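# Close look at the chain arrangement
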Amino acid sequence: ADVKTLVASVQLLPLLHGNVNVDELTFKDLKANTANFIGDLRIKGNLEKLHVHCHGIDLNKDSAKVDFAEIENGALDIALGDTVPPDTTKKNLWTILIGKVSIDNTTLKIHMPGDTMSVGADFHYAVGNNAELLLRDNVYRVASFDWHGGSLAYDRNFEAHALKGFDANHIAARDINFGLDSFVYSKPAISLKVRAANFKEQSGLDVKGLSTAFILDSKQLRLSDMQLIMPATDIKGKFWMDMDAFA
């Protein structure tokens, strides 16, 4: 890691028992790469500011609890699962719990296991609550997430691009405002509940409002309890599609 300024406040007595309690940890102008430290999760970051409160790192086990994290002005690149070769010679973190994280003016790139799927996002401002990262099982959960302003690119990397119209395998959206609950990624499936959303998509879709329960896996895409509002349309219902419907 390379950092210009570091401020740290760590409780000393818990260290004698193998526990790390961090009252404050602030990095400014941070460049870091966590390869071979956090299970088979790799995080590369270049951030103007990273501020963390963390009470619950057990050096004798493989878990960590982060109370609060604040990320400002930079870029993160995250590779999950088997996109990173595991190093069996070191004791790694395999379970991470995060109470709250705020993201301000930061880009994020996520590579799913096997590079089968990638997600890129530009966050003007976002807040997530109660995240659970079970790295050994490739299971990732977030209780709630609110995103105000930015853009999103979603790609199933081994799927061909549609010649025209909306392409569920390759989505590019901008002017995003988004609120979701109960996000779960459990390889190879994603599920979440959209409380409210509005955005514009590259195909020409202009979504003024969206709420639904969403499930996507290798076989199908399902939207239930859906309401979709566009400039001249208000649709309520459900949607189901086989992922090979247009093969």
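For every chain, the first residue of its written sequence is number 1, and the numbers climb from 1 along that sequence. Confidence filtering applies because this is a predicted model: local features only for residues at pLDDT of at least 70, side-chain atom pairs given and counted only at 80 or more, and all residues used for totals across whole chains, interfaces and linings. In computing side-chain values, all of the structure's heavy atoms are included and hydrogens and water are not.

Strands here are runs of E lasting at least two residues and helices are runs of H or I lasting at least four, both read from the DSSP assignment and numbered beginning at the N terminus. Tallying secondary structure elements over the protein chain gives zero helices and 13 strands in all. Counting from the amino terminus, the protein chain carries its helices and strands in the arrangement β-β-β-β-β-β-β-β-β-β-β-β-β. As defined in this context, the radius of gyration uses C-alpha atoms, and a globule is described by 2.2 Å times the residue total to the power 0.38. Taken over C-alpha atoms, the radius of gyration comes to 19 Å for the protein chain, in line with the 18 Å a tight globule of 247 residues would show. With respect to the three principal axes, the spread of C-alpha positions in the protein chain is 65 × 35 × 30 Å. Only protein chains enter the accessibility calculation, which uses a 1.4 Å probe; a residue is then buried when its area is under 20% of its type maximum, exposed when over 50%, and partly exposed in between. Out of the 247 residues in the protein chain, the part that is buried amounts to 41%. A contact between two residues is defined here by any heavy atoms of the two lying within 4.5 Å. Within the protein chain, residue pairs in contact and separated by at least 24 positions form 55% of the contacts whose partners lie at least 6 positions apart. Roughly 13700 Å² of accessible area belongs to the protein chain as shown, and the carbon and sulfur atoms make up 56% of that amount. When charges are counted, Lys and Arg contribute as positive and Asp and Glu as negative, whereas His and the chain ends are disregarded. Charge coordinates come from a single atom per side chain, which is NZ of Lys, CZ of Arg, CG of Asp or CD of Glu. Across the protein chain, the 26 positively charged side chains and the 32 negatively charged ones have centroids separated by 2 Å. For the area figures, the Shrake-Rupley method with a 1.4 Å probe applies, and any residue is considered shielded solely by the protein chains shown.

Within soluble globular proteins, side chains that are nonpolar tend to cluster in buried spots. Residues grouped as a nonpolar core are buried Ala, Val, Leu, Ile, Met, Phe, Trp, Tyr and Cys residues, joined through side-chain atoms within 4.5 Å. Leu-50, Leu-80, Phe-123, Leu-135, Trp-147, Phe-178 and Leu-210 are the most contacted members of the largest nonpolar core, which totals 56 residues. Considering each element in turn, this core owes the most residues, seven residues, to strand 6 (residues 117-134).

Here is the rule: rings of Phe, Tyr and Trp (six-membered ring for Trp) pair when centre to centre is within 6.5 Å. Planes less than 30 degrees apart are stacked, more than 60 are edge-to-face, and the remainder are tilted. Taken as a whole and assessed by the stated rule, the structure comprises three aromatic pairs. Between Phe-123 and Trp-147, the ring centres sit 4.6 Å apart and the planes meet at 50°, which makes this aromatic pair tilted. Of this pair, Phe-123 sits in strand 6 while Trp-147 is found in strand 7 (residues 139-156), placing the two residues 24 residues apart along the sequence. In terms of burial, Phe-123 and Trp-147 fall into one category: buried. Three or more aromatic residues joined by ring pairs form one cluster here, namely Phe-123, Phe-145 and Trp-147.

Glancing now at the environment of Gly-120. With respect to the helices and strands, Gly-120 occurs in strand 6. The sequence separation of Gly-120 and Pro-14 amounts to 106 residues, and the corresponding C-alpha distance is 39 Å. In this structure Gly-120 touches Leu-108, Lys-109, Ser-151, Leu-152 and Ala-153, once residues within four positions along its chain are discounted.

Between Lys or Arg on one side and Asp or Glu on the other, a salt bridge is scored when a side-chain nitrogen of the former is within 4 Å of a carboxyl oxygen of the latter. All told, the structure shown has seven salt bridges when counted by the stated rule. Between Arg-195 and Asp-181 there is a salt bridge, and its shortest N-O distance comes to 2.9 Å. A residue pair is termed long-range when its members are at least 10 positions apart, and Arg-195 in strand 9 (residues 189-201) and Asp-181 in strand 8 (residues 170-186) qualify at 14 residues. Salt bridges sharing common partners tie together Asp-146, Asp-181 and Arg-195.

A separate point is the side chain of Asn-169. Checked against the element boundaries, Asn-169 lands in the loop between strand 7 and strand 8. Using a relative accessible area of 12% as the deciding quantity, one classes Asn-169 as buried. For Asn-169, the residues in contact, after removing those within four places along its chain, are Tyr-154, Asp-155, Arg-156, Glu-159 and Met-243.

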